[in-house]
Amino acid sequence: MRPLALLALPLLLAACQSENRTAASSETTVDGQTVAEVQVTDPWCRPTPNGMTMTACYVTLASSTGDRLSSIISPRAAQSMVHAVSTEGGVMSMSEMPDGLALPTGQTVSLAPGGDHIMLTGVTVPLAEGDLVPLALTFESGAQIALEAPVRASAPGDDANPARH
Ligand SMILES: [Cu+2]
């Protein structure tokens, strides 16, 4: 019976998304039906060892109606913003997206290491692996999503599939 019980645990956890809050969505009503407007999944943040006060967080976003991620607030950071990464003359730099992050209708937008990311600055209490970082995302449509991003040293799935980007 023991293996069976262990197998059932991930299923139970998957069914309780509102409880672990590592995935969330906002809802809107279209023709009397409730549909998910924006979905946010797979959030995670990098740890801040050795007195680092800035770090990056990553999420996967999808909007069924087209939207923009316009602002982010986290109680763990003085400031949170969406950064775009660009390379010019072989030098990588990052800058805040002035108009927020575009979420084209029906497309999945993944923030991932090496690319666009959520930048936390002014992190005063270090983020350690296993911590949960509350993130409140506000979208141009007015939708708001609150979730918790676990702190991890590497991207979810990296162990199983290093080719994942
Ligand atoms: Cu950045």
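Just so you know, these numbers come straight off a predicted model, no measurement behind them.

Enquirer: Would you take a moment to explain the overall build of the chain for this structure?
Expert: Across its full length, the chain holds two helices and 11 strands. Secondary structure elements in the chain, listed N-terminal to C-terminal, are α-α-β-β-β-β-β-β-β-β-β-β-β. In the chain, buried positions account for 32% of the 165 residues. A fraction of 62% describes how many contacts in the chain between residues 6 or more apart in sequence connect residues 24 or more apart. For the chain, the exposed surface amounts to about 9700 Å²; the carbon and sulfur share of it is 54%.

Enquirer: I would appreciate a short explanation of the coordination of the copper ion in the present structure.
Expert: Put simply, a metal with four donors set out as a tetrahedron has ideal angles of 109.5 degrees, and one with six donors set out as an octahedron has ideal angles of 90 or 180 degrees. Protein-derived coordination of the copper ion comes from His-83 (ND1), Met-94 (SD), His-117 (NE2) and Met-119 (SD), at a distance range of 2.0 to 2.3 Å. Here the donor residues of the copper ion share one chain and are spaced in sequence as H-x10-M-x22-H-x1-M. With Met-94 in strand 6 (residues 91–96) and Met-119 in strand 9 (residues 117–121), the pair connects residues that are 25 residues apart, well separated along the chain.

Enquirer: Would you explain the pattern of salt bridges in this entry?
Expert: Should the charged atoms of two oppositely charged side chains come close, the side chains can pair. Overall, the coordinates contain one salt bridge when judged by the stated rule. Between Arg-76 and Asp-131 there is a salt bridge, with its nearest N and O atoms 3.6 Å apart. Here Arg-76 is found in the loop between strand 4 (67–73) and strand 5 (79–88), whereas its partner Asp-131 is found in the loop between strand 9 and strand 10 (132–139), with 55 residues between them in sequence.

Enquirer: Before we go on, may I ask you to explain the sheet that holds strand 10 in this structure?
Expert: Paired through their backbone hydrogen bonds, the strands of a sheet run either parallel or antiparallel. The antiparallel open sheet is built from four strands, whose spatial order is 7-4-10-11. Of all strands in the sheet, those bounded by a partner on one side alone are strand 7 (101–103) and strand 11 (144–150). Mean inter-strand twist for the sheet, computed between neighbouring axes without regard to direction, equals 35°.

Enquirer: Looking at this model, I keep getting lost on the state of the cysteines. Mind explaining?
Expert: Working definition: the covalent bond between the sulfur atoms of two cysteines is a disulfide. Scanning all chains against the criterion turns up one disulfide. The residue that forms a disulfide with Cys-45 is Cys-57, at a sulfur-sulfur distance of 2.0 Å. Taking the torsion about the S-S bond as the criterion, the Cys-45 to Cys-57 disulfide, at about 100°, is right-handed. Separated by 12 residues along the polypeptide, Cys-45 in strand 2 (residues 33–45) and Cys-57 in strand 3 (residues 55–63) bring together distant segments of the chain. Of the two residues examined, Cys-45 and Cys-57, each falls in the buried class.

The rules behind each value
Residues numbered from 1 in each chain as written. Predicted model: local features only at pLDDT ≥ 70, side-chain atom pairs only at ≥ 80, totals over all residues. Heavy atoms only, no water. Helix = DSSP H or I, 4+ residues; strand = E, 2+ residues; numbered from the N terminus. Buried < 20%, exposed > 50% of the residue type's maximum accessible area, 1.4 Å probe, protein only. Contact = heavy atoms within 4.5 Å. Areas by Shrake-Rupley, 256 points an atom, 1.4 Å probe, with all protein chains shown as cover. Donors = N, O, S within 2.8 Å, 3.2 Å for Na, K, Ca; no water. Salt bridge = Lys/Arg side-chain N within 4 Å of Asp/Glu carboxyl O. Pairing = 2+ DSSP bridges. Axes fitted to C-alpha atoms, helices over the stretch in contact; angles between N-to-C directions. Disulfide = S-S within 2.5 Å.

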